[in-house]
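Topology and contacts: notes
Residues per chain are reported as follows:
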Amino acid sequence: MSDTGRRTHYEKHDHEEPIYVANNNSIYSNGTIHYCSIYSQRTVQETKGWDVFREFPPKQDSVSMEQQKCLEMTVRMLKILAYAVTFLVVLGSGVIAKGTMLFMTSQIKKDRRLAFCNQNLGRDKQFIVSLPDEERVAWMWAILAAFAIPEIGTLIRSVRICFFKSSKRPTMVQLAVIFIAESLHTIGMAMLFFKILPELDVVKGAMITNCLCVVPAILGLLSRSSKDTKRFMKVIVDMAAIVAQVTGFIVWPLLENKPVLWLIPIASLCISLGWWENYVSRQSPIGIIKSLGRLKDELNFTRYYTYRFISIWKCLLFMMCILFSIWMDGDEPSMFFQLFNPGFGPHNIVVEEIQIQLGGTMIPDLVNATLTGDSVEVAAVHKSAFYVMLIQIFAAYFCYIFGKFACKILIQGFSYAFPINLVIPLVVNFLIAACGLRNGDNCIFHGTVPDYLFFESPALFSLSDFISRQMAWVWLLWLLSQTWITIHIWTPKAERLASTEKLFILPMYNGLLIDQSMALNRKRDDQRDVKTEDLAEIEKEKGDEYYETISVHTDNTGSSPKTVKSSDSITRIYACATMWHETKDEMMEFLKSILRLDEDQCARRVAQKYLRVVDPDYYEFETHIFLDDAFEISDHSDDDSQVNRFVKLLVDTLDEAASNVHQTIIRIRPPKKYPAPYGGRLTWVLPGKTKMICHLKDKAKIRHRKRWSQVMYMYYLLGHRLMELPISVDRKEVMAENTYLLTLDGDIDFQPHAVRLLIDLMKKNKNLGAACGRIHPVGSGPMVWYQMFEYAIGHWLQKATEHMIGCVLCSPGCFSLFRGKALMDDNVMKKYTLRSDEARHYVQYDQGEDRWLCTLLLQRGYRVEYSAASDAYTHCPEGFNEFYNQRRRWVPSTIANIMDLLVDYKHTIKINDNISTPYIAYQMMLMGGTILGPGTIFLMLVGAFVAAFRIDNWTSFEYNLYPILIFMFVCFTMKSEYQLLVAQILSTAYAMIMMAVIVGTALQLGEDGIGSPSAIFLISLSSSFFIAACLHPQEFWCIVPGIIYLLSIPSMYLLLILYSVINLNVVSWGTREVQVKKTKKEIEQEKKEAEEAKKKAKQSSLIGFLQGVNSNEEEGSIEFSFAGLFKCLLCTHPKSNEEKVQLLHIASTLEKMEKKLDSLEKTVDPHGQSRSRKLSVGLRGSTSGDPLVSVAEGQEDDNESDSETDTLSTTPREKRDDLINPYWIEDPDLKKGEVDFLSQSELSFWKDLLDKYLYPIDANKEEEARISRDLKELRDSSVFSFIIINALFVLIVFLLQLNKDNLHFKWPLGVKTNITYDEVTQEVLISKEYLQLEPIGLVFVFFFALILVIQFTAMMFHRFGTISHILASTEMNWFCTKKSEDLSQDALLDKNAIAIVKDLQKLNGLDDDYDNDSGSGPHNVGRRKTIHNLEKARQKKRNIGTLDVAFKKRFFSMNANDGPGTPVLNRKITLRRETLKALETRRNSVMAERRKSQMQTLGANNEYGVTGMLNNNHGVPRHRTSTANISVKDVFAEPNGGQVNRGYETSLGDEDDSNSIRLQPRQNQVTFQGRYQ
């Protein structure tokens, strides 16, 4: 049977006039006329003139929206600051590093003479100085240190990664290539710094550093492939750059006439060889370059293993080259070591007087100066070399760090490439200026720079001499050639927050040549995941106009089956939400979040489709909601099920949420309904044309609870939807890696930006299995305030620390992103389906499923991360009982999962690169603190009572022990509600006691002083919290409820832990418990139990006993009784149950007959059809034409009497099939949408999945008793161990406390000094009183202090990473930060494409009337066009419900000739005429492409009879009607004439509708059997 034969459309709208339609000789009033077009179906809806007044959804931002707006401007300003600061630091530190390097090389030349300042020696004399060997040796050591420090950094990084992560062992070929290249590079560096630069003046030395790119230039030329655009021109420029570089080999050797300068070519070639990897490519047409390209890719896996040894070797080789250089100068190499101490220690400098030349201070030739024979010794500033070395090292490091930061946050062009290229020009200018000043006055730097130290100054010259003699024009060629060779740093393609390995070839930098290192070491071949060629492929594979779901790519496109398509790497996000008993407000927040994602995805899709921009953040999106316990017994029959009130609430809330998000009244098309083996399914198409699918779970057919919902969506989306695709395994691999499950709770509130930040983390690290955001609790009341502080501290310190030093252990299911490939790995998804058969399984698996899933990922080697910038808001428990019950689940599951990880830590460390032994030790410390928490709090209370109430230790111990024992007794013996009541009372009492304790502790600290251990610890703790709050300005006020947290410490860390452990055997959920209808099984079970209880009660009564009621129903061979009061049985035997069986059979038969009679009595007279009724198009049909087999009448309208609600059915009720015509599908509260059926393959999948993993677990009394018994045993053993450990701990510490006079340490701080004067002896006695710290106290102070230091340090690093992430993801659309070549309108359009599309696709103000925004200001109240707006709203013919249609309406109506104030765009964004022209040009090019495609496919098969009627006068297309009339938009229709757009419904009555709208009778009888015959 065709689709139309088995789909039924349910349509009914308010305010509709009855219209009578002929149908099969019968007339009925149905309230609607159905029209059918090729695009949509919709009913006529007329608005009465008196009913035109409107109500718009309030502009009420959710918490996430408010926070986002608050941060937006701050972050933009911060990014501008980042641009400026990074630029200045990179440029400044690069100039300082290069300048100090040249300063160091100027001091090591042997027998160098320098003019000395005569200020202190006689102004009428002239002096020169030659540096002694010890001074030269100190500067040689300084150069060695500047070279070695980055290499030591490389060594540390390599060792860390090899030990804490993993690195492969290299092959001999790989090792040999790296060894040779790095050795030659090091030798070249030594030649340059110890032989060449000392012989050149510093200006020439700075210039020559631009000639170190020869080998990269040659390799880059040879690596160019035929795929390069403008290859010929690039090759010409490459060759010119090589020639320019080679000129540097001969210019200075020829001009200076120094033989040693002929080392320049050798040094330049050797140094530039160090960056060979970055300039070889596998795409090269030359075989050897291609082989080197393959070798480069292999080196990425072995680099850190290799550089553990190479870095040490380079330092040793550099030192050997220094020794060889000393030997070449005629000195003993041993002096390099012998003069180390004298060089860095006090020594003197000999200053010699020379004869005055030229009568002034200008000394053109110091080498030939005549000595007078007089000399004087001055003390050397012996730490100068050390200070200059430190400045050089730190300057180079800052240049590297800030440059890397610029690359990570995507400001590389302005703040990395620009300053790097400016370094040498600025250095040259500063050196010329400094040397000119020094030559003019030897004393100008007196007091700043030691007089015996300065740069090797160039000879005196004028500007013309500089250009001619200094060959400045040749240097400009070198500079330009270096800029061309490193042109890739201007056009970066790395993703946000790219790792160091993705940004740079070598792990560290070259400190002596920092600017060349930064430019040549920056990777050239980083590519975005999304490429321009993907756009056509996506459209070709998915279709054009119609987007409802994540695309399913098959291999039917003609390409090789094993070829991985570029579109396979498109990000696919499945939002998977688990819902149960959410309120309307909670559902509203969730739905608004989904609708915002839908809007964002639509904008990105439309921007790629129509504006032809490459969006690196593009993703495909689909929502799946899994609603537990969605069914209940229907009101009319126990045999049928209907959806519960939460499903109806979800359906009702969607339109309101959409109206709220889009700020205009929207009615989303009713959901399509599918019967399913697990219950049912509702499918909506949202305004952005993404699907939202709600899976309704019937707990009679499938297991309920959150874990089994997670198993459902993992197996459905990753198993059925991905693994069963008919494509190659390579494509599945790529798709799985780029498929993500966004796990959500039904009350979550977030922005699309938050999801993008998590995606960034996933793209950055392919080993990342899960990522979670910052969860903010939402609600009101003291419990919520407590949780605000608790969540804040937990995220600021604990989660950040886990992220930085290891892995996050729990990615909460309320807002987390999981990688599909990670979940599909061995021992993850499959193990997650494990049924809980043991007591500990219930605790570890079912009570903390999110943590267990993360534990499985960690044990498979995946990383779990935390992004503090990704904010999500969830409702938290507002009542004490609900909070305690939630934590009763969390505490044992947390302990169980962490213990599981710790027990198996050796295996986890071995397989997981991110988990190390120190991290395991840290977690063990935290676990110890958790287990000993109650004991610690108890001791704290004992000590605080002593300090606050001035009582002795034993009394305090006794007072604190009684409440604990009472609470434990209550927990063991009473029901949960009584336990919680006692906990609440004790918590209140403890809060008041804690207030007294705080006062007492403050007084005690006042006595002990600020230096006491307690004071230091409290100050450190509170300071760390305050600093953390300051570093989280958005969340600063979360620290205010800290006082509530402090008062609640005994409740949360003592009572709550005891409550959780003692109730370990309780495995109920504990939250969102509401009264729901019971299922049929539960009702029958209750009846049986009630009957049994009644029977037992009767048996236990005196009358029952006397009457002989017994459970065995015995009878006797001989029996007698006395007036029926008692009965005596002799020779008893069991009574026969034949009579009972017969009675039951008779009762059952009578019941069936009664039902049949009722059905016959309700049979309706055939003439009764003429009555005006509301017909339910039920799903009970037959293929036969028998008039008796008809559809049953549904419920009557509310205003009709009960007597008229009889059904209009003319036949007995037909038996229902849950996969064909379930009762729930007719529920009017689900709205009257289509009914469809799952495909056969999907039906088969669900049935198999249910049979294997998700079948409902039938109640088994024996099994339940066993599990209950095992849980109690687990509880008892856990409580025993827990109490014993804490009792021993308390006993030891308390006894040590009692004897602290004998066992203690003297605390060195806070010493009290007592001074007494003895009048008798007239002596002054001074005594010191030390604070005492017992051993266990000392251990705990250091224990908690260590944890605090670790967490605070990790938090600081994580904050920096978070700020980087925020800055990287912030687009600067309104500041002139673009390079000059990017200022074209076309580039601006590409930059702001998403923002433009979001504005063009807004549903609000689609017909140029911004209803909800007009006259919003107080000064516009009197100027509102209220009546005009009402009349326009009444006459409005179209209510477009999809964003892309709204976009196209504006896009194709846009005309640049209308000027910049065109009303097409929202008033918040007005584009200039040039931008509008760019948009119009882009539109016309897209239209031309589509027209060409259409011409090839339509032809004679076009049912319109035309091939494309375009009316593009002034860029304005013909008005598009609601149906199939050809206009500009029809160019984008499907080749077969378009397809049904189920995302929206068009209005009727437009002037051109007559050609395509036809009257269609309503189908009253729908049959289903044809599908299954």
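Given the structure is predicted, the values throughout are model-derived calculations rather than measurements.

**Comments concerning the state of the cysteines**
Put plainly, two cysteines are in a disulfide when a covalent bond ties their sulfur atoms together. Taken as a whole, this structure holds one disulfide when the rule is applied. For C117, the disulfide goes to C443, at an S-S distance of 1.9 Å. Residues C117 and C443 are joined through a disulfide that is right-handed, its torsion about the S-S bond being 105 degrees. Taken together, the residues C117 in the loop between β4 (113-116) and β5 (126-130) and C443 in the loop between α13 (412-440) and α14 (463-468) connect sequence positions 326 residues apart. On the accessibility criterion, C117 (2% relative accessible area) is buried. For C443, a relative accessible area of 10% puts it in the buried group.

**What to know about the side chain of D749**
With respect to the helices, strands and loops of the structure, D749 is situated in strand β16 (residues 749-750). Taking the relative accessible area as the measure of exposure, D749 reaches 2% and is therefore buried. A polar contact of 2.9 Å, which involves the side chain of D749, links it to the side chain of R596.

**Concerning the environment of S281**
If you trace the backbone, S281 turns up in the loop between α8 (264-272) and α9 (287-328). In this structure the C-alpha to C-alpha distance between S281 and R224, which are 57 residues apart in sequence, comes to 8.1 Å. Sequence-distant contacts of S281, that is, excluding residues within four places in its chain, are made with S223, I289, K290 and G293. Within the local environment of S281, its side chain forms a polar contact with the backbone nitrogen of Q283, the two atoms lying 3.1 Å apart.

**Observations regarding helix α15 (residues 472-485)**
Its 14 residues give α15 an end-to-end C-alpha distance of 20 Å, which sits within 8% of 20 Å, the value for a rise of 1.5 Å per residue. Among the residues making up α15, those that are buried are A472, V474, W475, W478, L479, S481, Q482, T483 and I485.

**Comments concerning a nonpolar patch on the surface**
Side chains of L78, L81, V85 and I1363 sit close together on the surface and give an oily, nonpolar patch of about 300 Å² of accessible area. Looking at which element gives the most residues to the nonpolar patch, the answer is helix α2 (residues 63-106), with three residues.

**Re the sheet that holds strand β6 (residues 348-354)**
Reading across the sheet, the four strands line up as β4-β5-β6-β7 and stay open at both edges, with antiparallel pairing between neighbours. Strand pairing shows two members of the sheet lacking a second neighbour, β4 and β7 (371-379), which therefore form its edges. Neighbour-to-neighbour, the strand axes of this sheet turn through a mean angle of 35 degrees, independent of strand direction. In terms of strand pairing, β6 meets β7 through six bridges, oriented antiparallel.

**Brief notes about the confidence of the model for the protein chain**
Detail in the predicted coordinates should be disregarded across regions flagged by low pLDDT. On average, residues of the protein chain score 77 in pLDDT, and 73% of them are at 70 or above. Scored below 50 in pLDDT, residues 528-533 makes 14 contacts in the model with residues more than four places away or belonging to other chains. When the criterion is pLDDT under 50, residues 1164-1211 qualifies, and its contacts beyond four places in sequence or with other chains add up to 88 contacts.

**Some details on the pairing of strand β8 (residues 571-579)**
Counting buried residues in β8 gives nine out of nine residues, a clear majority hidden from the surface. Side chains T571, I573, A575, A577 and M579 project from β8 onto one buried face, and the interleaved R572, Y574, C576 and T578 project onto a second face that is buried too. Bridge count for β8 against strand β9 (residues 619-627) is nine bridges, and the pairing is parallel. By the bridge assignment for β9, M579 is matched with L627. Viewed along the sheet, the connection from β8 through helix α19 (residues 584-610) into β9 turns out right-handed. Where β8 and strand β15 (residues 739-745) come together, seven bridges link them in parallel fashion. Paired with T578 across the two strands is D745, which belongs to β15.

**Points about the packing of aromatic side chains**
Applying the stated criterion across every chain, the model contains 56 aromatic pairs. Centre to centre, the rings of W954 and F957 are 5.9 Å apart; their planes meet at 65 degrees, and the pair counts as edge-to-face. Taken as a pair, W954 and F957 lie in helix α33 (residues 953-973) at a separation of three residues, close to a single helical turn. You can call F957 buried: its relative accessible area is 18%. The side chain of K204 reaches across the aromatic face of W252, ending 5.6 Å from its centre. If you follow R681 out to its NZ or CZ, it ends over the ring of Y674, 5.9 Å from the centre.

**Quick look at the packing of helix α4 (residues 172-196) against α8**
Close contact between α4 and α8 brings their axes to 7 Å; oriented N to C, the two are set at 140 degrees. Judged by the angle between their axes, α4 and α8 are oblique. Between α4 and α8 lies a crossing of left-handed hand. Residue-level contacts link L184, H185, G188, M189, M191, L192 and I196 of α4 to I264, I266, A267, C270 and I271 of α8. Among the residues making up the contact of α4 with α8, the classes are represented as ten nonpolar, two polar and no charged.

Scoring rules and cut-offs
- Residues numbered from 1 in each chain as written.
- Predicted model: local features only at pLDDT ≥ 70, side-chain atom pairs only at ≥ 80, totals over all residues.
- Heavy atoms only, no water.
- Disulfide = S-S within 2.5 Å.
- Helix = DSSP H or I, 4+ residues; strand = E, 2+ residues; numbered from the N terminus.
- Buried < 20%, exposed > 50% of the residue type's maximum accessible area, 1.4 Å probe, protein only.
- Polar contact = N/O pair within 3.5 Å; in protein donor to acceptor, adjacent residues only side chain to side chain.
- Contact = heavy atoms within 4.5 Å.
- Expected span 1.5 Å × (residues − 1).
- Patch = residues over 30% accessible without salt bridge, like charges linked within 9 Å, V, L, I, M, F, W, Y side chains within 5 Å.
- Areas by Shrake-Rupley, 256 points an atom, 1.4 Å probe, with all protein chains shown as cover.
- Salt bridge = Lys/Arg side-chain N within 4 Å of Asp/Glu carboxyl O.
- Pairing = 2+ DSSP bridges.
- Axes fitted to C-alpha atoms, helices over the stretch in contact; angles between N-to-C directions.
- pLDDT = per-residue confidence, 0-100.
- Right-handed = clockwise from strand over helix to strand, strands pointing away.
- Phe/Tyr/Trp six-rings, centres within 6.5 Å; stacked < 30°, edge-to-face > 60°.
- Lys NZ or Arg CZ within 6 Å of the ring centre and 35° of its normal.
- Parallel < 35°, antiparallel > 145°, perpendicular 65-115°, else oblique.
- Left-handed = near helix turned anticlockwise from the far one by under 90°.
- Nonpolar A, V, L, I, M, F, W, Y, C, P; charged D, E, K, R; others polar.

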